[in-house]
Amino acid sequence: MKTKSDKSVVVIGAGIGGLSAAIRLAASGLPVTVIEAQATPGGKMRTLPSAAGPVDAGPTVLTMRAVFDDLFAVAGTRIEDHLTLIPQPVLARHWWPDGSRLDLFADPQASQAAIAEFAGGQAADEFGRFHRLSAQLYEAFDAPVMQAARPRLGSIALNAIINPRLWLSLLPRMTLARQMARSFADPRLRQLFGRYATYVGGAPDLSPAVLALIWAAEQRGVWAVQGGMHRLAQVMAGLATGLGASITYGVWARRIERQGGRVTAIELSDGRTLACDQVVFNGDPAALLAGLLGNGPQGALTPQAAHPRSLSAWVWAFAATPQGADLVHHNVFFCADAAREFGPIGKGQMPDEATLYVCAQDRAAGPPDPGTVERFEIIMNAPPKTTQSPGEILQCRNRTFPQLARFGLTFDLPAQDAALTTPQGFSHLFPGSQGSLYGRSPVGILASFQRPGARTQLPGLYLAGGGAHPGAGVPMAALSGRHAAEAILSDLTSASTSHRMVMPGGMSTVSRTTGSAPSR
Ligand SMILES: Cc1cc2nc3c(=O)[nH]c(=O)nc-3n(C[C@H](O)[C@H](O)[C@H](O)COP(=O)(O)OP(=O)(O)OC[C@H]3O[C@@H](n4cnc5c(N)ncnc54)[C@H](O)[C@@H]3O)c2cc1C
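Here the structure is a predicted model, which is why all the values come from computation and not from measurement.

Attention now goes to unusual backbone geometry. Look at the link from His-307 to Pro-308: it is a cis peptide, with omega at 0°. The residue Pro-308 is located in the loop between α11 (285–289) and β15 (312–320) in this model. Of note, Gln-434 is a non-glycine position whose phi angle comes to about 60°, a positive value. Along the polypeptide, Gln-434 turns up in the loop between α14 (423–429) and α15 (447–450). A residue is classified by how much of its surface remains accessible, and Gln-434, at 33% relative accessible area, is partly exposed.

This is the structure we're talking about:
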């Protein structure tokens, strides 16, 4: 259905959530203006230059493809007409300091066989039970949480009544670490699946057990994007402009103005003021709370919408020729003791030992010829921070490359400091975030219910992005954009219905005659 409006809907930020909202709003016939501070779209889906070309310095793989199939269909096209997606039969290769190694596969039977060889028949049985639990959690949370505008507790409870096995995972004190301790006897498997908490910026011993569903999300397919993940953001920006949206890069939204209790305009760093009735904010909700967009959004969110903060990371993105380890696209080099990683991080310190994720970007379609200069992204978890001491970069280097060398992985050229994005760097790139990469931390069973939804308490101001419901990660951010667009369209429809219902004598049959947002 085409919706009419004179003023543009302004989307602040061309991250995945902002672009997803822009595509849907433009496809509905609304004028849309996207304002992006950086020179390119994508936000965290960014690249850094290297001798082998732009190297991904953000997300490395695409999951929950159906979310994007749906978004591209809204734009009247198909993802495969714009991007080459390379399915990954090996989801990840995992390495431990004791010399053991485990591949997990897109095919669960292959994973079970690999686990049997790795840790024995009992572990393979445990994996089978975990696999089923993960699928059930995914089913229980997909429609009522991820796809819904707000989490529906009643539907989750109903699912748990139908399937009592789920109750245990929903208990208030059931963290992902506890769930993994119940699921697996082998500490390496506990460590492996417990690490899913970090996918949404949490620590395994604080995050809810339901994050075990991430395994089921990966079972639905993991794809690399030919040319790098950043291509997805570029294509999405192209879809938005193709539908009539305008995108201005290199300009900050400085203020969101309100009058009469609702959004009226935004003020830009280039001196312009754009009058608007609806703003989608794709930055970190913490920026609104910190007053970085002026006083207008004051009271739009409660502090709990953005606090406590999720994890940050040290991220290397560089090109070099690797030696000594048989890498696949996705590789995880575990530290010996997860407590020595997450204990210090929880206190805001550099981990004593680090688990390192290594993406060999050019191996998505198989190993390149020996001696090839390849692109790499290495991620080490870190606490959120706005400042850092000069020594910390050296500490990060020492936690990264010597540790990889102990696993036999070396590079012919040392990565330059410029190839490193630090937590402080992230806090500059994403103002108000304090370096957190995933918005509010997923602490506790109620984490899903505490993220802000698309509507805020300020009529006309909507949220989209990893800091809003349903949370962080590329597909979730895209879903948040859908929720923001649907909220705007529904509010516009109810506003125009209200106007149409004004009686000839001027008396309104309903009390609400503007597009003010209903409370959540
Ligand atoms: C190193 C790393 C690895 C990751 N790996 C994965 C992965 O493998 N799989 C996965 O699914 N997810 C992954 N993620 C998470 C995923 O990248 C994010 O959750 C998702 O991209 C966030 O999208 P977003 O919509 O929140 O927008 P963001 O990426 O946060 O972008 C927000 C945009 O808004 C702009 N902006 C903010 N304020 C203003 C303003 N005032 N004026 C103008 N512009 C503004 C910013 O410049 C930015 O471009 C990873 C993230 C990182 C950092």
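Within the largest apolar cluster, 96 residues are counted, with the highest numbers of intra-cluster contacts made by Phe-68, Phe-193, Leu-232 and Val-280. Other than its neighbours up to four places away in sequence, Leu-232 contacts Met-45, Leu-62, Phe-68, Phe-72, Ile-79, Leu-83 and Val-474. Counting 26 residues, the second-largest nonpolar core is a separate cluster that includes Ala-320, Ala-382, Ala-419 and Leu-420.

Inspection of the region around the ligand gives 34 residues, with Gly-17, Glu-36, Lys-44, Gly-466 and Val-474 positioned closest. Here a nitrogen atom of the ligand sits 2.9 Å away from a polar atom, N or O, in the main chain of Ala-253. When the ligand is considered free in solution it has 1,000 Å² of accessible area, and contact with the protein chains removes 92% of it. Going through the elements one at a time, α1 (16–27), β2 (32–36), β19 (374–382) and α16 (474–500) are the ones with two or more residues in the shell around the ligand. In terms of residue count, α16 provides more of the shell around the ligand than any other element does, three residues in total. Of the residues that constitute the shell around the ligand, the class distribution is 18 nonpolar, 13 polar and three charged.

Moving on, we come to the sheet that holds strand β5 (residues 62–63). Strand-to-strand pairing in sheets goes through backbone hydrogen bonds, with the strands running parallel or antiparallel. The three strands lie next to each other as β5-β9-β6, forming an open sheet whose pairing is antiparallel. The strands lining the two open edges of the sheet, one partner per strand, are β5 and β6 (85–87). Two strands pair when backbone bridges link them, and β6 and strand β9 (residues 222–225) are joined in this way by three bridges, in the antiparallel orientation. Across the sheet, Leu-85 pairs through a bridge with Val-225, a residue of β9.

Right, let's get into the confidence of the model for the protein chain. Counting all residues, the mean pLDDT for the protein chain is 93, and 95% of those residues have values of 70 or more. For the stretch residues 501–520, pLDDT sits under 50, and the model shows 31 contacts to residues farther than four places along the chain or on other chains.

All right, on to the sheet that holds strand β21 (residues 420–421) then. Within the open sheet, the seven strands sit side by side as β8-β7-β17-β18-β19-β15-β21. Their pairing is mixed. Two strands close off the open sheet at either side, each with one partner strand: β8 (101–105) and β21. Note: strand β7 (residues 90–95) against β8, five bridges, orientation antiparallel. Paired with Val-90 across the bridge in β8 is Phe-105. Relative to the sheet, helix α13 (residues 390–406) contacts β15, β17 (330–333), β18 (356–360), β19 and β21, its axis offset from that of β15 by approximately 60°.

All right, on to the packing of aromatic side chains then. One pass over the full model with this rule turns up 18 aromatic pairs. Ring geometry for Trp-95 and Phe-333: centres 4.9 Å apart, planes at 20°, overall stacked. Placement of Trp-95 in strand β7 and of Phe-333 in strand β17 is noted, with a sequence separation of 238 residues between them. This pair shows no difference in class: Trp-95 is buried, exactly as Phe-333 is. Centroid distance Phe-401 to Phe-411: 6.1 Å. Interplanar angle 85°. Geometry classified as edge-to-face. Pair noted here: Phe-401 is in helix α13 and Phe-411 is in strand β20 (residues 410–411), with a separation of ten residues, a long-range link.

For Met-180, the position within the fold is in helix α7 (residues 176–183). Accessibility expressed as a relative area gives 0% for Met-180, which makes it buried. Setting aside chain neighbours within four positions, we find Met-180 in contact with Phe-130, Arg-190, Phe-193, Gly-194 and Ala-212.

Turning to the layout of surface pockets, a few remarks are in order. Its volume calculated, the second largest pocket comes out at about 610 Å³. Taken together, 34 residues make up the lining of the second largest pocket; nearest its centre are Ala-203, Pro-204, Asp-205, Ala-338 and Phe-342. Those elements that provide at least two residues to the lining of the second largest pocket are α7, α8 (187–194) and α12 (338–346). Of all the elements, α12 adds the most residues to the lining of the second largest pocket, at seven residues.

All right, on to the pairing of strand β1 (residues 9–12) then. A two-sided burial pattern is seen for β1, the buried positions comprising Val-9 and Val-11 on one face and Val-10 and Ile-12 on the other. Where β1 lies against β2, four bridges are found, and the strand directions are parallel. Bridging across to β2, Val-9 finds its partner in Val-32. What joins β1 to β2 is α1, and the crossover it makes is right-handed.

Before going further, it helps to spend a moment on helix α10 (residues 230–242). Taking 1.5 Å per residue, 13 residues should reach 18 Å; α10 reaches 18 Å between its end C-alpha atoms and fits that length. Taken together, the buried positions of α10 are His-230, Leu-232, Ala-233, Val-235, Met-236, Ala-237, Leu-239 and Ala-240. Positive backbone phi, approximately 110°, marks Gly-244, located one or two places after α10.

Moving on: the packing of helix α4 (residues 121–146) against helix α5 (residues 153–162). Between two packed helices, both the angle of their axes relative to each other and the distance between the axes serve to describe the pair. Where α4 meets α5, the closest approach of the two axes is 9 Å, and the angle between their N-to-C directions is 165°. Taken together, the axes of α4 and α5 are roughly antiparallel relative to one another. When you trace α4 past α5, the crossing you get is right-handed. Within the contact between the two elements, α4 uses Glu-139, Ala-140, Phe-141, Pro-144 and Val-145 and α5 uses Ser-155, Ile-156 and Asn-159.

Here the focus is empty space enclosed by the protein. For the structure on display, the rule yields two cavities of 30 Å³ or more. A volume near 60 Å³ is recorded for the largest cavity. Residues belonging to the lining of the largest cavity are distributed by class as follows: five nonpolar, five polar and two charged. The volume enclosed by the second largest cavity comes to roughly 40 Å³. The wall of the second largest cavity is formed by Ser-20, Arg-24, Val-67, Asp-70, Leu-71, Ala-478, Leu-479 and Arg-482.

Criteria and cut-off values
Residues numbered from 1 in each chain as written. Predicted model: local features only at pLDDT ≥ 70, side-chain atom pairs only at ≥ 80, totals over all residues. Heavy atoms only, no water. Helix = DSSP H or I, 4+ residues; strand = E, 2+ residues; numbered from the N terminus. Buried < 20%, exposed > 50% of the residue type's maximum accessible area, 1.4 Å probe, protein only. Core = buried A, V, L, I, M, F, W, Y, C linked by side-chain atoms within 4.5 Å. Contact = heavy atoms within 4.5 Å. Near = heavy atom within 4 Å. Polar contact = N/O pair within 3.5 Å; in protein donor to acceptor, adjacent residues only side chain to side chain. Areas by Shrake-Rupley, 256 points an atom, 1.4 Å probe, with all protein chains shown as cover. Nonpolar A, V, L, I, M, F, W, Y, C, P; charged D, E, K, R; others polar. Pairing = 2+ DSSP bridges. pLDDT = per-residue confidence, 0-100. Axes fitted to C-alpha atoms, helices over the stretch in contact; angles between N-to-C directions. Phe/Tyr/Trp six-rings, centres within 6.5 Å; stacked < 30°, edge-to-face > 60°. 1 Å grid on protein atoms, 1.4 Å probe; cavity = no way out; pocket = protein on both sides within 12 Å on 5 of 7 lines; lining within 4 Å. Points joined across faces, edges and corners; volume = space filled by probe spheres on them. Right-handed = clockwise from strand over helix to strand, strands pointing away. Expected span 1.5 Å × (residues − 1). Parallel < 35°, antiparallel > 145°, perpendicular 65-115°, else oblique. Left-handed = near helix turned anticlockwise from the far one by under 90°.

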